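Notes for the structure review
Here's the letter readout for the chains.
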Amino acid sequence: MANRYSLWSLIKNGLKHHESWQPAWKSPQPKKQYDVIIVGGGGHGLATAYYLAKEHGIKNVAVLEKGYLGGGNTARNTTIIRSNYLWDEAAHLYEHGLKLWEGLSQDLNFNVMFSQRGVMNVGHTLQDMRDIERRANANLLNGVDAVVMTPQEIKDMVPLIDISHRTRYPIMGASFQPRGGVARHDAVAWGFARGASELGVDIIEQCEVTGLIIEGGRIKGVNTSRGDIMADRVGCVAAGNSSVLAKMAGLRLPLESHPLQAFVSESMKPCIDTVVMSNAVHGYVSQSDKGELVIGAGIDSYLGYGQRGSPHVIEHTAAAIIEMFPSFSRVRMNRQWGGIVDVSPDACPIISKTRIKGLYFNCGWGTGGFKATPGSGNVFAHTIAHDDPHPLNSAFSLDRFATGHLIDEHGAAAVAH
Amino acid sequence: MLVITCPYCQEAREEEEFSYAGEAYIARPAVPEEVDDATWGDYVFHRKNPRGWHWEQWQHVAGCRKVFAVKRHTVSYEIAGSWTLADGKALYEEEQA
Ligand SMILES: Cc1cc2nc3c(=O)[nH]c(=O)nc-3n(C[C@H](O)[C@H](O)[C@H](O)COP(=O)(O)OP(=O)(O)OC[C@H]3O[C@@H](n4cnc5c(N)ncnc54)[C@H](O)[C@@H]3O)c2cc1C
Ligand SMILES: [Zn+2]
């Protein structure tokens, strides 16, 4: 690798006053023709390109991104990573992703700051606790780590949490996945971009796909803001904008795009060293390496592509956090933003071929796709390379909305992130 | 915060009084037994989800509790108007024609 990062390279470049580092990825002009075009330079698109080149030897690949790398949900999410999903198909898919996370920094030679600080899903009602027991048991049967905790065990791990009976919805227990955690979102996009670029993939920013060129039921290429680019295989990984791309091919998807908001506080001393999520009061919180509380909750109810939501949603989220952590009531919030999430009817992704030959979609990750970034790219690359799904994503095809074989993770998988 | 006018109460109120009720004017297949699974799946699950103007339903849950139609832009969030479902449908069909 031209720019291999190591202690040695740090010392060497330090002696040169850090002035000779090379850009992490190249920015070439688009070619006329590629073997595969990936539309969307978020984490999932970049990971797809990386695994196409690395595992399937397909290196004549372009990733077309309308804005800049990691300007979409990749860099707008709250970075929670876990695999404690209820149903077999989902548990296996997300667990595949989690296993890849565990070796990702080494594989990419790029520190994605994956921190397995655990993810806790608290329950506030008897039904919550029954669901938690059921999910933890299902997880264990699928080889996914899971522990059920009592309120006192929760308090020992997270001293600031209120487990008293003064609250409106007292905490009755939790599930905990020790191998879950968080990672640095930008680094994931940059690491995959660098890895893919090194293997020969062209990463083309400021290049919006405006049309799909289809002849005789086959994809031939794409129209873009930088001219037409041809390819026999096109994979669309456009998160919130997936329905817009599908429309270019005359396809309809079972998706609705909604704003999802998040916010961070001022920096504070370390006070919470795991991720706490609650479905019932609906909020979740972790603390970043900079010391900010990272807080999020549910989507805005209406359709929206505006990358902003309504203020009353922020108010509800803050109320949920203060219900669990009364001491956070004095913490000042610094920043707030929104991303556009593509929500599917069963809260599971679509990683699928379409009726147009050579056109593939990877979408519907909704509020919870960051955790799947490496796994999603890995199985989607397989799907494109073989024109056939990987065993792990064959259940996630578009057909399931006609056959009725839905994988209903709504509510099943703790909170939705 | 969206400010929505209920065509029944004839008053502009904040979004929190309302609840969103999805895409408007989705036609249910006239004879469900006669359509294939793909057509039925399309009716149940697939949506327009446009980036632009969208005809949608809202319910005035903290008011008269009636459901009505709103035409709203999904990027600017601008609202072109709100109508009773029947009045909106006439306009909607005119637009589609
Ligand atoms: C506030 C918030 C919090 C979240 N929290 C979590 C969490 O804690 N854990 C978790 O697992 N997930 C979370 N998610 C979900 C997660 O962010 C997404 O599921 C995931 O990032 C989507 O995949 P992506 O990274 O490839 O998307 P994106 O980064 O959005 O990539 C899609 C790219 O496609 C590009 N594009 C779109 N249309 C075109 C076009 N026509 N031509 C060219 N390019 C195009 C876009 O510009 C964009 O860069 C959260 C999301 C949000 C918004
Ligand atoms: Zn009313």
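Residues numbered from 1 in each chain as written. Chains lettered and ligands numbered in written order. Predicted model: local features only at pLDDT ≥ 70, side-chain atom pairs only at ≥ 80, totals over all residues. Heavy atoms only, no water.

With 23 residues of chain B in contact, the opposing surface of chain A contributes 28 residues. Buried area between chain B and chain A, summed over both chains or domains, comes out near 2300 Å², and the portion from carbon and sulfur atoms is 52%. Among the residues of chain B in contact with chain A, Phe45(B), Asn49(B) and Tyr77(B) are the three that bury the most area, contributing 30% of the side total. Taken together, the links from chain B to chain A amount to one salt bridge. (Contact = heavy atoms within 4.5 Å. Buried area = accessible area lost by both parts, 1.4 Å probe. Salt bridge = Lys/Arg side-chain N within 4 Å of Asp/Glu carboxyl O.)

Under the feature "domain: Rhodanese" (unreviewed entry), the UniProt entry names residues 36–80 of chain A. Spanning residues 36–80 of chain A, this segment combines 31% helix with 20% strand, and its end C-alpha atoms are found 30 Å apart. (UniProt positions renumbered as here; feature names shortened; annotations may be inferred. Helix = DSSP H or I, 4+ residues; strand = E, 2+ residues; numbered from the N terminus.)

Residue and element names in this part refer to chain A. The final tally for this structure, using the stated rule, is one cavity of 30 Å³ or more. By volume, the largest cavity is sized at about 30 Å³. Around the largest cavity sit Gln261, Phe263, Gly296, Ala297, Gly298, Val313, Ile314 and Thr317, which together line it. Counting residues per element, the ones that place at least two in the lining of the largest cavity are strand S13 (256–267), strand S16 (292–299) and helix H9 (311–324). Partitioning the lining of the largest cavity into residue classes produces four nonpolar, four polar and no charged. (1 Å grid on protein atoms, 1.4 Å probe; cavity = no way out; pocket = protein on both sides within 12 Å on 5 of 7 lines; lining within 4 Å. Points joined across faces, edges and corners; volume = space filled by probe spheres on them. Nonpolar A, V, L, I, M, F, W, Y, C, P; charged D, E, K, R; others polar.)

Now for unusual backbone geometry. All names here are of chain A. A positive phi angle, near 55°, is found at histidine 17, a position not held by glycine. In this fold, histidine 17 is placed in the loop between helix H1 (7–15) and strand S1 (36–39). Residue classification places histidine 17 among the exposed residues on the basis of a relative accessible area of 63%. The phi dihedral of methionine 113 falls on the positive side, at around 55°, and the residue is not glycine. The topology assignment puts methionine 113 in the loop between helix H4 (104–108) and strand S4 (119–123). What makes methionine 113 partly exposed here is its relative accessible area of 34%. (Buried < 20%, exposed > 50% of the residue type's maximum accessible area, 1.4 Å probe, protein only.)

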